[in-house]
Amino acid sequence: MGWFKKLGEELTKDRGTLADNLNRLMLGTQKIDDDMIEELEEILIQADLGVSVTNRILERIQEKNTLTSGFERSEVKGLVRAGIIDILKLCRGYTDVVPPPATPSPYVYMMVGVNGVGKTTTIAKLAHCANQGGKSVLLVAADTFRAAAIEQLEIWGGRTNADVIRHRQGSDPSAVVHDGLTAAKNRKSDVVIIDTAGRLQTQHNLMTELEKMHRVMAKVLPGTPHEVLLVLDATTGQNALSQARLFKQAVGVTGIVLTKLDGTAKGGIVVAIVEELNVPVKWVGSGEGHTDFSGFNVEEFADSLVEGHS
Ligand SMILES: Nc1nc2c(ncn2[C@@H]2O[C@H](COP(=O)(O)OP(=O)(O)OP(=O)(O)O)[C@@H](O)[C@H]2O)c(=O)[nH]1
Ligand SMILES: [Mg+2]
């Protein structure tokens, strides 16, 4: 093959969305054969669905192919969609409603995730929902590492009618957590949301720090945190899976918030994460404002992956 043609193929390979690639695949001859299955496998892997999810979907398609005669390529997209929905629904606890929870009080959320994914913005979104639901909200500024992180949280606190417990930049995040939960107990706050750093000097330091905060919470208020929310940027690829594994190991993630779905999101990786870690997606962020937040609608999400819109 000439280098020019090869280059062209490489480019299309890198570019296509899952929706585009499925459309292209369905335009081929009607026959379902090994070549088509192989091509579909490549498409699903490229969409960050991961080997395990891909195999599940392929098995489903092959099963259908042997069971029925006259199976057409045009049905492939529907089968991929159904496969994705099955996996996302396997993990109970996904929700299409927004918070706040009623009990116990205070209800404590700990937010975790690598830097820049949208943790602090998501806190504002959660705080706004809770505030709208008539709950008193306390934010805890335990990202003491990044410059201006505390001020950023205070600005959001002001906009969403939430108080903020803070120390100085560079102070021990676990001490802030300690004071935050003690204050929540004294003030009888309904909802507490803890902001954490996305980066420290090393990843090991970050995990150790998060573990320590987690222990401090349980000591001050047994049973807390009630939820550890892993914030994931939907535009991240394979990296998100290793991030999710690390955070789950360190602090036991209970739910995922998928942010930046308003962008040119890929998001296929989230299916792989839900399948491997058995952690539900709870909410999605779709913008930079504190009202750009909603529950996770499994069908809509699957549609947006296979159709390219929601
Ligand atoms: N388009 C879009 N942008 C978002 C969304 N959520 C957050 N952002 C933006 O992403 C950037 C990072 O958001 P932060 O909330 O500061 O992220 P963080 O995880 O707290 O980052 P660190 O504190 O540095 O670890 C900001 O510019 C946000 O406005 C979203 O759902 N959609
Ligand atoms: Mg932040």
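Higher on the page you've got the structure.
This one's a predicted model, so the numbers in the text were calculated from it and none came from an experiment.

Reading the values: rules and limits
Residues numbered from 1 in each chain as written. Chains lettered and ligands numbered in written order. Predicted model: local features only at pLDDT ≥ 70, side-chain atom pairs only at ≥ 80, totals over all residues. Heavy atoms only, no water. Pairing = 2+ DSSP bridges. Helix = DSSP H or I, 4+ residues; strand = E, 2+ residues; numbered from the N terminus. Axes fitted to C-alpha atoms, helices over the stretch in contact; angles between N-to-C directions. Contact = heavy atoms within 4.5 Å. Core = buried A, V, L, I, M, F, W, Y, C linked by side-chain atoms within 4.5 Å. Buried < 20%, exposed > 50% of the residue type's maximum accessible area, 1.4 Å probe, protein only. Domains from an automatic or database assignment. Phe/Tyr/Trp six-rings, centres within 6.5 Å; stacked < 30°, edge-to-face > 60°. Lys NZ or Arg CZ within 6 Å of the ring centre and 35° of its normal. Right-handed = clockwise from strand over helix to strand, strands pointing away.

Enquirer: Explain the sheet that holds strand β2 (residues 137–142) to me, using residue names and the numbers behind them.
Expert: As summarised here, the arrangement of the eight strands in space is β3-β2-β4-β1-β5-β6-β7-β8, forming an open sheet in which the pairing is mixed. Where the open sheet ends on each side, the last strands, each with one partner, are β3 (163–165) and β8 (293–295). Strand-to-strand twist across the sheet, computed as the mean angle between neighbouring axes with direction ignored, equals 25 degrees. Those strands touched by helix α6 (residues 119–132) are β1 (107–112), β2, β4 (191–196), β5 (227–233), β6 (255–259), β7 (281–285) and β8, and its axis lies near 175 degrees from that of β4. Lying over the sheet, helix α9 (residues 203–220) contacts β1, β2, β4 and β5, oriented at roughly 175 degrees with respect to β1.

Enquirer: Please provide a residue-by-residue account of the nonpolar core, values included.
Expert: Counting residues in hydrophobic clusters, the biggest one holds 99 residues, and the most contacted among them are L40, V76, V80, I193 and V271. Shared between two domains, this core holds at least three residues of each, these being domain 1 (3–90) and domain 2 (107–307). Beyond its immediate sequence surroundings of up to four residues, V80 is in contact with L22, L40, L44, I57, I61 and V306.

Enquirer: Go over the pairing of β7 with me, naming the residues and quoting the values.
Expert: Of all five residues that make up β7, five are buried, and the element is covered over most of its length. Bridge count for β6 against β7 is three bridges, and the pairing is parallel. The residue of β7 that forms the bridge with I256 is V281. Note: β7 against β8, three bridges, orientation antiparallel. For G285, the partnering residue across the bridge sits in β8 and is F293.

Enquirer: Would you mind going over the packing of aromatic side chains in detail, with residue names and values included?
Expert: The geometry of two aromatic rings is summed up by the distance between their centres and the angle between their planes. Inspection of the entire model under this criterion finds four aromatic pairs. Note on Y109 and W283: the rings are 6.4 Å apart at their centroids and 70 degrees apart in plane angle, and the pair reads as edge-to-face. Note that Y109 is positioned in strand β1 and W283 in strand β7, a separation of 174 residues in sequence. The pair formed by Y109 and W283 is uniform in burial state, with each residue classed as buried. Between W283 and F293, the ring centres sit 6.0 Å apart and the planes meet at 45 degrees, which makes this aromatic pair tilted. A residue pair is termed long-range when its members are at least 10 positions apart, and W283 in strand β7 and F293 in strand β8 qualify at ten residues. The two residues W283 and F293 agree in class, both being buried. Geometry around W156 places R159 over its ring, the cationic atom sitting 4.7 Å from the centre.

Enquirer: Any details on the pairing of β6? Residues and values, ideally.
Expert: Burial within β6 is extensive, with five of its five residues counted as buried. Side-chain alternation along β6 places G255, V257 and T259 on one buried face and I256 and L258 on a second face that is also buried. Relative to β6, β5 is paired through five bridges, and the arrangement is parallel. When the sheet's bridge partners are listed, L230 is paired in β6 with I256. Read from β5 through helix α10 (residues 239–251) to β6, the crossover connection turns out right-handed.

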